[in-house]
Amino acid sequence: MATTWAAALGWRLRRHYLGEERAGSVEAVVDRLIAVPSWSGDAATAIGLRLAQPAHGDPAAALAQQRLIATYAFRGTTHVMTPASASIHLSLRCAGRQWERSSWREHYRLEPEDWPRLRATVREALAEGPLTQQELAAAVTADPAYRHLAEGFTSTSHTLLKPFGWQGDLCLRPSDGVLRFQLLESLPGWTGLVELDEAGPLAIRAYLAAYGPATRDRLHYWLGEGLSAGRRRIETWLTSPDAGVATITVGGEEALCVAEDAEAITGAEASDRIVLLPGADQWVLGAGTSDTHIVPAAHRQAATRGSNLVLVGGRVQGTWTVNADVIRVHWFDAPDSSAPLTLAAEELAQVLGRPLLVEEG
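Everything numeric here is computed off the predicted structure, so don't read it as measured data. (Residues numbered from 1 in each chain as written. Predicted model: local features only at pLDDT ≥ 70, side-chain atom pairs only at ≥ 80, totals over all residues. Heavy atoms only, no water.)

Asker: Break down the overall build of the protein chain for me, citing the residues and quoting the values.
Answerer: Check the secondary structure of the protein chain and you find 17 helices and 14 strands. The C-alpha atoms of the protein chain give a radius of gyration of 21 Å, which matches the 21 Å a tight globule of 361 residues would have. The principal-axis extent of the C-alpha atoms belonging to the protein chain is close to 70 × 50 × 35 Å. Each of the 361 residues in the protein chain was classed as buried or not, and the buried ones make up 53%. Looking at the protein chain alone, contacts between residues at least 24 apart form 66% of all its contacts between residues at least 6 apart. As presented, the protein chain carries roughly 15700 Å² of accessible surface, and 48% of it is formed by carbon and sulfur atoms. Positive and negative side-chain charges of the protein chain, numbering 32 and 42 respectively, have mean locations separated by a distance of 4 Å. (Helix = DSSP H or I, 4+ residues; strand = E, 2+ residues; numbered from the N terminus. Rg over C-alpha atoms; globule rule 2.2 N^0.38 Å. Buried < 20%, exposed > 50% of the residue type's maximum accessible area, 1.4 Å probe, protein only. Contact = heavy atoms within 4.5 Å. Areas by Shrake-Rupley, 256 points an atom, 1.4 Å probe, with all protein chains shown as cover. Lys, Arg positive; Asp, Glu negative; His and termini not counted. Charge placed at Lys NZ, Arg CZ, Asp CG, Glu CD.)

Asker: Please provide a residue-by-residue account of the sheet that holds strand 8 (residues 245-250), values included.
Answerer: If you trace the three strands from one edge of the open sheet to the other, you get 1-8-9, paired in mixed fashion. A single partner strand is all that each edge strand has here, and the edge strands are strand 1 (2-3) and strand 9 (253-258). With six bridges connecting them, strand 8 and strand 9 associate as antiparallel partners. In the sheet register, Thr247 faces strand 9, and the bridge partner there is Leu256. (Pairing = 2+ DSSP bridges.)

Asker: Before we move on, could you go through the environment of Glu111 and cite the residues and values that matter?
Answerer: Inspection of the secondary structure puts Glu111 in the loop between helix 6 (102-108) and helix 7 (115-126). Judged by its relative accessible area of 29%, Glu111 falls in the partly exposed class. In this structure the C-alpha to C-alpha distance between Glu111 and Trp99, which are twelve residues apart in sequence, comes to 8.7 Å. Of the polar contacts made by the side chain of Glu111, one reaches the side chain of Arg105; its length is 2.8 Å. (Polar contact = N/O pair within 3.5 Å; in protein donor to acceptor, adjacent residues only side chain to side chain.)

Asker: Tell me what's going on with the state of the cysteines, and back it up with residues and numbers.
Answerer: Taken as a whole, this structure holds zero disulfides when the rule is applied. No disulfide involves Cys94; its nearest neighbouring cysteine sulfur is the one of Cys171, lying 14 Å away. (Disulfide = S-S within 2.5 Å.)

Asker: Tell me what's going on with the environment of Ala43, and back it up with residues and numbers.
Answerer: Mapped onto the elements, Ala43 comes out in helix 3 (residues 43-48). Ignoring any residue separated from it by four or fewer positions in sequence, one finds Ala43 in contact with Val36, Pro37 and Pro59.

Asker: Describe the packing of aromatic side chains, naming the residues involved and giving the relevant values.
Answerer: A ring pair, where both rings are aromatic, is described by two values, the distance of the centres and the angle of the planes. Counted by the stated rule, this structure contains eight aromatic pairs. Consider the rings of Trp99 and Trp115, whose centres lie 6.1 Å apart with planes at 50 degrees: the pair is tilted. Residue Trp99 is located in the loop between helix 5 (83-95) and helix 6, and its partner Trp115 is located in helix 7; the two are separated by 16 residues in the primary sequence. Judged by centre distance (5.4 Å) and plane angle (40 degrees), the rings of Tyr211 and Trp222 are tilted. (Phe/Tyr/Trp six-rings, centres within 6.5 Å; stacked < 30°, edge-to-face > 60°.)

Asker: Residue-level account of helix 8 (residues 133-141), with values.
Answerer: Burial in helix 8 covers these residues: Gln133, Leu136, Ala137, Val140 and Thr141. Buried residues of helix 8 fall within an arc of 115 degrees about the axis and therefore sit on the same side. (Arc of directions from axis to C-beta.)

Asker: With reference to specific residues and values, describe the side chain of His89.
Answerer: Topologically, His89 is positioned in helix 5. With residues near it in sequence (within four places) discarded, His89 still touches Ile34, Phe74, Met81, Ala203, Ala206 and Leu227.

Asker: Now, about the packing of helix 7 against helix 8: what can you tell me, with residues and values included?
Answerer: Axis separation between helix 7 and helix 8 bottoms out at 9 Å; the angle between their running directions is 125 degrees. Classified by the interaxial angle, the pair formed by helix 7 and helix 8 is oblique. For the pair helix 7 and helix 8, the sense of crossing is right-handed. Along its contact with helix 7, which presents Leu118, Thr121, Val122, Ala125 and Leu126, the element helix 8 presents Leu136, Ala139 and Val140. By residue class, the composition of the contact of helix 7 with helix 8 is seven nonpolar, one polar and no charged. (Axes fitted to C-alpha atoms, helices over the stretch in contact; angles between N-to-C directions. Parallel < 35°, antiparallel > 145°, perpendicular 65-115°, else oblique. Left-handed = near helix turned anticlockwise from the far one by under 90°. Nonpolar A, V, L, I, M, F, W, Y, C, P; charged D, E, K, R; others polar.)

Asker: An account of unusual backbone geometry is needed here, citing residue identities and associated values.
Answerer: Cis geometry is adopted by the peptide bond preceding Pro213, which originates at Gly212 and carries an omega value of -10 degrees. Within the secondary structure, Pro213 sits in the loop between helix 11 (196-211) and helix 12 (216-225). The phi torsion at Ile34 lies on the positive side, around 80 degrees, for a residue other than glycine. Positionally, Ile34 belongs in the loop between helix 2 (26-33) and strand 2 (36-37). One non-glycine residue, Gln66, lies in the positive phi region at around 65 degrees. Here Gln66 shows up in the loop between helix 4 (59-64) and strand 3 (69-72).

This is the structure we're talking about:
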């Protein structure tokens, strides 16, 4: 079975709710994308563009209502996820056991056998309700055994706090501009981490369902570089029947997809649809800015620095800015599309909640 990258990206646009069909809820978007960056980019716009009713695309409200969680996920940065997706992907994030590396052991003066009691202390501190970072630090370091961890618990980098998120002890609870930490098991829908050997194939399937078809290196980028899952583990999971992976030819390259999607992908048509995406959108981050099928190599810097991007048929062909009521679009080259830019501007205006004019340059 074979197809072109243009057609494959046309299929992927629909899977990302960036085609004609849009999602019905914030959770549906976040679950499909697996994770949405919450402290970089513009999560509200990224989600709103994918909703049938953009006015309902407020991730902050979904977090407040505990329909979503905020946690340290890919590359250790903060992402919004559904509890079900987090239970799978945090399991993979734990696989590397970063907190047991010699550099960590020396810096924090914690041995692997110290972590169970420390984790229990953190959970006990959060049992009465969410705490600010300073409050959590004070509660934990009240124990003489952990006084040397005061700097680690109060650091703005959150480096020491991340393993507690990965292991399912806590999540972030932003509210009224104040960041607090919450006991993860207190959230509705949280059922604990999925066992690693079960989680691996599920994570592969979730990635290919949203970002497929994908070459093997893209999968390793997502699960390996993103979650430190380990190359050997990923290759083993790929052979699992639970992953349900098929191989097709896309633009002369071998690519992976969910087996049930193979026929739809190879029968899909290319799109010329124009989409105005906010910076750090998962359309680009999920594949990686080094994926030249999506980001032309000559313009990778625009994607890596978080510029707002213009997609044409799924491929980055420009950037945009908005000032007052005017969207200014800068094309890298003449746009390869007959689709009206005004439609993309209208969709963005709906999300931003105000009318916008378009200027091209």
